[in-house]
Amino acid sequence: MKRIGMFGPFDPTLCDGVSASMFDLLIFLQKQGNEVFIVSFMHNNNACQNGLQYLLDNNNTTIIAEGVNFCYIIYKGINIYYELLPYTRAEMLGIHPGVLARVVKKLKEKEYKGSYIFTIDADHTSLLASTLAGISCSHFFHSPIYIESF
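Scope of this entry: the structure provided in the associated data block.

The rules we used
- Residues numbered from 1 in each chain as written.
- Predicted model: local features only at pLDDT ≥ 70, side-chain atom pairs only at ≥ 80, totals over all residues.
- Heavy atoms only, no water.
- Core = buried A, V, L, I, M, F, W, Y, C linked by side-chain atoms within 4.5 Å.
- Buried < 20%, exposed > 50% of the residue type's maximum accessible area, 1.4 Å probe, protein only.
- Helix = DSSP H or I, 4+ residues; strand = E, 2+ residues; numbered from the N terminus.
- Pairing = 2+ DSSP bridges.
- Axes fitted to C-alpha atoms, helices over the stretch in contact; angles between N-to-C directions.
- Arc of directions from axis to C-beta.
- Contact = heavy atoms within 4.5 Å.
- Polar contact = N/O pair within 3.5 Å; in protein donor to acceptor, adjacent residues only side chain to side chain.

1. Remarks on the nonpolar core
Inside soluble globular proteins, nonpolar side chains tend to come together where they are buried.
1) Next: Grouped together as the largest cluster of nonpolar side chains are 24 residues, with contacts concentrated most on L26, I38, I80 and Y82.
2) Next: Counting only elements with at least two residues in this core, the list comes to β1 (3–7), α1 (17–31), β2 (35–43), α2 (46–57), β4 (70–75), β5 (78–85) and β6 (116–120).
3) Next: Among the elements that make up this core, the one with the highest residue count is α1 (five residues).
4) Next: Judged by nonpolar contacts, the second largest core, of 17 residues, contains M92, V104, I117 and A133.

Below you can see the structure in the form of structure tokens.
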């Protein structure tokens, strides 16, 4: 059994194609006997706050821990850590030093050692953080427009 997860932006309503397809991939990997998880740091705007509330209020959620700007839950069988940070979307994705430090710190936690993670699209921060934390990863481009930024 391997620990495989997704680090990066995640819409828990699964309204965008990236979140929906990555969630489906994790469900598939879980059915293959792997332990799967999602860690998502989001910018603190209304939509992301609504995402946090959606996770907390959903019938498919088991709450492990929650606070004003974060939750650690099991949602449809997948462990999810979701946290809002006081940065803009551009800062979250564009390797802002404060965001990068927070993501690297999370990746260095004991529970993520030896994991394999996926990062996605324009999320430069999670990709660099995984390298700095020494965690193996694959980066998925769901939209060709993001390839140019890399």
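And the narrative resumes.
2. A word on the sheet that holds β1
1) Next: Strand order in the open sheet made by the seven strands is β3-β4-β5-β2-β1-β6-β7, with mixed pairing throughout. In this open sheet, the two strands that pair with only one neighbour each are β3 (61–66) and β7 (136–140). The mean inter-strand angle of the sheet, taken between neighbouring strand axes irrespective of direction, is 20°.
2) Next: Looking at chain direction, β3 and β4 are connected through five bridges and run antiparallel. Looking at β4, one finds that T62 is bridged to I74.

3. Description of helix α4 (residues 97–107)
Every α-helix winds through 3.6 residues per turn, so residues three or four apart in the chain are directed the same way.
1) Next: For α4, the full list of buried residues reads V99, L100, V103, V104, K106 and L107. Buried residues of α4, seen end-on, are gathered within an arc of 160° and therefore sit on one face of the element. What points out from α4, more than 90 degrees from its buried face, is the exposed set P97 and K105.
2) Next: The secondary structure elements touched by the buried residues of α4 are β1, β2, β5, α3 (89–93), β6 and α5 (124–133).

4. Considerations on the side chain of N34
1) Next: Its place among the elements puts N34 in the loop between α1 and β2.
2) Next: On the basis of relative accessibility, which here comes to 15%, the residue N34 falls in the buried class.
3) Next: Among the polar contacts made by the side chain of N34, one reaches the main-chain amide nitrogen of K2 at a distance of 3.2 Å.
4) Next: Polar contacts involving the side chain of N34 include one to the main-chain carbonyl oxygen of L29, which spans 3.0 Å.
5) Next: Here N34 is in contact with M1, K2, I4 and L29, once residues within four sequence places are set aside.

5. A few points about α5
1) Next: Among all positions in α5, only T125, S126, A129, S130 and A133 are buried. The arc enclosing the buried residues of α5, seen along the axis, measures out at 130°, which places them on a common side.
2) Next: Residue G134 follows α5 closely and has a positive phi angle near 75°.

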